[in-house]
Amino acid sequence: MAQTSCIAQALTDARSRIAKVERVAGRPAGAVTLTCVAKSQPPEAIDQALAAGQRVFGENRVQEAQSRWAARQEVDGLQLRMIGALQSNKASEAVALFDVIETLDRPSLARALAVAVQKQGRSPELLIQVNTGAEPQKAGVRTGEADAFITTLRRDYGLLPAGLMCIPPAQEEPAMHFALLRRIADRNGLGALSMGMSDDYLTAVRFGATHVRLGSAVFGPRSHVVG
Ligand SMILES: *Cc1c(COP(=O)(O)O)cnc(C)c1O
């Protein structure tokens, strides 16, 4: 056995914190899945996470993800989740590569995804990104438009979203954003909630996250911030 890596240790720590908050919050053990955010990490870091048993990874860019995972196709049980802004002209490649796309946020992208799903006979799970803080620079449907967008997806595009995703404003208390996302999901009968990052994931677990997205908590601080 190789010595336990820092990354393996960080994953173990994060998992045990998540498990503890699941218990305290009265949620079932294993209710929350840890998504390891791979963006801008070197190959060795990804391989250490894989060696530690991590199988669920988040990616921000289609091209970066393609090259990373083309080299690791033999990994069993891998789940790749698109968590970055997706251009409609990359929809086809995204449908081919990802198991989950978390950032569906507009009709033009819905149309492109629906065409790709039809052509490829492959349907990644879809989450809708909601811009809970109504930040102009951030992607996502506005909270007041979420219900109508969900209806449009189902009725006009034959797409059945599985849940919602949000990235709260950096300077605000995240809890209210998590609570808001959960209310929108509940009233639309959606089960999956991707919310919570390294700084606020335990709050997100308390508020009902089913997926937390961890980058720096696993890999350490990024030298530069991407996407
Ligand atoms: C980078 C990123 C994360 C991880 O951020 P950390 O704060 O490093 O955990 C999570 N979600 C999205 C959408 C990201 O772009």
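First things first, this report covers the structure right here in the doc. Every value quoted in this text rests on a predicted model; they were computed, and no experiment measured them.

Overview of the overall build of the protein chain
Looking only at helices and strands, the protein chain features nine helices and nine strands. With the C-alpha coordinates of the protein chain rotated into their principal frame, the extents come out at 55 × 40 × 30 Å. Out of the 227 residues in the protein chain, the part that is buried amounts to 50%. At a minimum sequence separation of 6, the contacts of the protein chain that also span at least 24 residues come to 55%. Working note: accessible area of the protein chain is about 10900 Å², and carbon and sulfur atoms make up 50% of it. Here the protein chain contributes 26 positive and 22 negative side-chain charges, whose respective centroids are spaced 2 Å apart.

Overview of unusual backbone geometry
Backbone geometry places S40, a non-glycine residue, at a positive phi of 55 degrees. Considering the arrangement of structural elements, one finds S40 in the loop between β1 (33-37) and α2 (43-51). Classification of S40 as partly exposed rests on a relative accessible area of 26%. Non-glycine residue A134 carries a positive phi angle of around 50 degrees.

So, the site of the ligand
Around the ligand there are 14 residues in total, and K39, S198, R213, G215 and S216 lie nearest to it. Residue S198 places a side-chain N or O atom 2.4 Å away from an oxygen atom belonging to the ligand. R213 is positioned with one of its side-chain polar atoms (N or O) 2.8 Å from a nitrogen atom of the ligand. With the chains in place, 93% of the 390 Å² that the ligand exposes on its own is no longer accessible. Its residues placed into classes, the shell around the ligand shows six nonpolar, five polar and three charged.

Some points on helix α6 (residues 146-157)
With twelve residues, α6 extends 15 Å between its outermost C-alpha atoms, agreeing within 8% with the 16 Å of an ideal straight helix rising 1.5 Å per residue. If you follow the buried residues of α6, they end up packed against β4 (100-104), α5 (107-120), β5 (125-131), β6 (141-142), β7 (163-166) and α7 (174-187). Immediately downstream of α6, the backbone of G158 shows phi near 60 degrees, a positive value.

So, how was this worked out
- Residues numbered from 1 in each chain as written.
- Predicted model: local features only at pLDDT ≥ 70, side-chain atom pairs only at ≥ 80, totals over all residues.
- Heavy atoms only, no water.
- Helix = DSSP H or I, 4+ residues; strand = E, 2+ residues; numbered from the N terminus.
- Buried < 20%, exposed > 50% of the residue type's maximum accessible area, 1.4 Å probe, protein only.
- Contact = heavy atoms within 4.5 Å.
- Areas by Shrake-Rupley, 256 points an atom, 1.4 Å probe, with all protein chains shown as cover.
- Lys, Arg positive; Asp, Glu negative; His and termini not counted.
- Charge placed at Lys NZ, Arg CZ, Asp CG, Glu CD.
- Near = heavy atom within 4 Å.
- Polar contact = N/O pair within 3.5 Å; in protein donor to acceptor, adjacent residues only side chain to side chain.
- Nonpolar A, V, L, I, M, F, W, Y, C, P; charged D, E, K, R; others polar.
- Expected span 1.5 Å × (residues − 1).

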